[in-house]
Amino acid sequence: MTFRQMLEKVRYEGAYPTPERAEEAVRLVLGGLGRQLTGDQRVELAARLPLEAARILTAEIPATEPLTGWGFVKDLATRAGASPATTRWDTGAVLTAVAALAGPELLTRILAQLPSGYALLFGRAELIQAA
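In this text the structure is predicted, and so the values were computed from the model without any measurement.

Student: Would you take a moment to explain the overall build of the protein for this structure?
Tutor: Counting its secondary structure elements, the protein contains 7 helices and 0 strands. Secondary structure elements of the protein, listed N to C terminal, follow the sequence α-α-α-α-α-α-α. Principal-axis analysis of the C-alpha atoms gives the protein an extent of 45 × 30 × 25 Å. Taking all 131 residues of the protein together, the buried fraction comes to 44%.

Here's what the structure looks like:
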């Protein structure tokens, strides 16, 4: 998949009016994801993304304190100066495309590395163990 094709997928998923709006969402969300992922999962995901998307992901230095899924959305909303609802929409549109590129096995390992709350952002159910 090319970066342009990825943007079209995100544009379709997010119902964005222009490719530029889809690209804004991709840059915001991939940059944020780059701050959350480390190690092999980060490298493997970058290898499966289009080159431009991989550069956005890897340009960010991983954060020392991981964020929960909701914390991730709130952080992105603050950085973008947008509402949490709009940012949650953007996050879902972008991460659905990322999940398709990652594939189920890598996505499972990525979700195992991240704190709770990310599965739904990637379009997966979040299963928790009963106490």
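Student: Help me understand unusual backbone geometry, please; the structure alone is not making it clear to me.
Tutor: With a phi close to 55°, A15 is a non-glycine residue in the positive phi region. Note on placement: A15 falls in the loop between α1 (3-14) and α2 (19-36). You can call A15 exposed: its relative accessible area is 60%.

Student: Just checking my understanding: could you explain the environment of P115 for this structure?
Tutor: Mapping P115 onto the fold places it in the segment after α7 (104-113). Sequence separation between P115 and G32 is 83 residues; the distance between their C-alpha atoms is 14 Å. Discounting residues that sit within four places of it in the chain, P115 has contacts with P66, L67 and T68.

Cut-offs and rules
Residues numbered from 1 in each chain as written. Predicted model: local features only at pLDDT ≥ 70, side-chain atom pairs only at ≥ 80, totals over all residues. Heavy atoms only, no water. Helix = DSSP H or I, 4+ residues; strand = E, 2+ residues; numbered from the N terminus. Buried < 20%, exposed > 50% of the residue type's maximum accessible area, 1.4 Å probe, protein only. Contact = heavy atoms within 4.5 Å.

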